[in-house]
Amino acid sequence: NAGVMQNPRHLVRRRGQEARLRCSPMKGHSHVYWYRQLPEEGLKFMVYLQKENIIDESGMPKERFSAEFPKEGPSILRIQQVVRGDSAAYFCASSPPRASMNTEAFFGQGTRLTVV
Amino acid sequence: AQKVTQAQTEISVVEKEDVTLDCVYETRDTTYYLFWYKQPPSGELVFLIRRNSFDEQNEISGRYSWNFQKSTSSFNFTITASQVVDSAVYFCALSEAKNSGYALNFGKGTSLLVTP
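The structure contained in this document is the topic of the report that follows. (Residues numbered from 1 in each chain as written. Chains lettered and ligands numbered in written order. Predicted model: local features only at pLDDT ≥ 70, side-chain atom pairs only at ≥ 80, totals over all residues. Heavy atoms only, no water.)

### Here we look at the environment of Leu21(A)
Residues and elements named next belong to chain A. Relative to the helices and strands, leucine 21 is located in strand β3 (residues 19-24). Spatially, the C-alpha atoms of leucine 21 and glycine 110 are 9.4 Å apart, while their sequence positions differ by 89 residues. Among all residues touching leucine 21, those that are not within four sequence positions of it are Asn7, Leu11, Trp34, Ser75, Ile76, Leu77, Tyr90 and Thr111. (Helix = DSSP H or I, 4+ residues; strand = E, 2+ residues; numbered from the N terminus. Contact = heavy atoms within 4.5 Å.)

### A word on the state of the cysteines
The tally for this structure, following the rule as stated, stands at two disulfides over all chains. A sulfur-sulfur distance of 1.8 Å marks the disulfide that ties Cys23(A) to Cys92(A). On the sign convention where negative means left-handed, the S-S torsion of about -55° between Cys23(A) and Cys92(A) marks this disulfide as left-handed. Of the two residues, Cys23(A) is situated in strand β3 and Cys92(A) in strand β9 (residues 88-95); the sequence distance between them amounts to 69 residues. When its relative accessible area of 0% is taken as the criterion, Cys23(A) is described as buried. Exposure remark for Cys92(A): the relative accessible area of 0% places this residue in the buried category. Paired through a disulfide, Cys23(B) and Cys92(B) show a sulfur-sulfur distance of 2.0 Å. The disulfide joining Cys23(B) to Cys92(B) has a torsion of about -65° about its S-S bond and is therefore left-handed. Taken together, the residues span a long stretch of sequence, with Cys23(B) in the loop between β3 (19-21) and β4 (24-26) and Cys92(B) in strand β10 (residues 88-98) at a distance of 69 residues. The pair Cys23(B) / Cys92(B) is uniform in exposure class, with both members buried. (Disulfide = S-S within 2.5 Å. Buried < 20%, exposed > 50% of the residue type's maximum accessible area, 1.4 Å probe, protein only.)

### Section: the pattern of salt bridges
Residues and elements named next belong to chain A. Tallied over the full model, the rule gives seven salt bridges over all chains. The salt bridge involving glutamate 18 is made with arginine 20; its shortest N-O contact spans 3.6 Å. Judged by relative accessible area, which is 30%, glutamate 18 ranks as partly exposed. With a closest N to O distance of 2.8 Å, arginine 78 and glutamate 18 form a salt bridge. (Salt bridge = Lys/Arg side-chain N within 4 Å of Asp/Glu carboxyl O.)

### What to know about the environment of Phe45(A)
Relative to the helices and strands, Phe45(A) is located in strand β5 (residues 43-50). With 40 residues separating them along the chain, Phe45(A) and Met5(A) place their C-alpha atoms 18 Å apart. Each residue touching Phe45(A), except ones within four places of it in the same chain, is listed here: Tyr33(A), Trp34(A), Tyr35(A), Asp56(A), Ser58(A), Gly59(A), Lys98(B), Ala103(B) and Leu104(B).

### Observations concerning the nonpolar core
Trp36(B), Trp66(B), Phe77(B), Tyr90(B) and Leu112(B) are the most contacted members of the largest nonpolar core, which totals 24 residues. Those elements giving two or more residues to this core turn out to be β2 (10-14), β3, β5 (33-39), β6 (46-52), β8 (64-69), β9 (74-79), β10 and β12 (110-115) of chain B. No other element matches β10(B), which puts four residues into this core. If we ignore the near neighbours within four places in the chain, the residues touching Trp66(B) are Trp36(B), Leu48(B), Ile49(B), Asn58(B), Glu59(B), Ser61(B), Phe75(B), Asn76(B) and Phe77(B). Within the second largest apolar cluster, 23 residues are counted, among which are Val4(A), Met60(A), Ala67(A) and Ile79(A). (Core = buried A, V, L, I, M, F, W, Y, C linked by side-chain atoms within 4.5 Å.)

Shown next as structure tokens:
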């Protein structure tokens, strides 16, 4: 039973390029959360998705960032025209349907984005 | 607004010493969950504990123990007889309801260094 899979583990992009981060939730999980960890900081919530729906994107920057969780395939966090300040570790977590606060969310190993 | 404060940025102890990591939180919710995660140098997030706001019993798991005090809004974590492998960044987090799911508000973390 594979855990939450994120790829790539490390991603290097030049300023102005696009970054696409992928997250495959645990089997049977339909809720996906994306978090960003800036250097020396804790994780910050970005967006919460269920299959084909964005439920809460209150933590997403207004520009250049988007997320999707299609019916088939992984969830994608997309960052357009990356800047140095986007360098961070991006974590994905998943939880099963009808998740409540009593339901543990399982985290992936993260994708470390470096913008040069 | 929810907030988690981990006042200790870095702690350094010698192996076999006991160490307590502090966590203070703010919330207006009556039902919430508190979490501790460990982030070793390899970068992944390791779930340690989840505590319900209605359960103030202290918990012990091996060398780890947690002291939840609602009166002071604190959820402190103690490692007894620390070991070098305990060296990591430890995050305290507070759940926040998000429609049909929830997200976590993380503190900035406490970096623990255990030296031989």
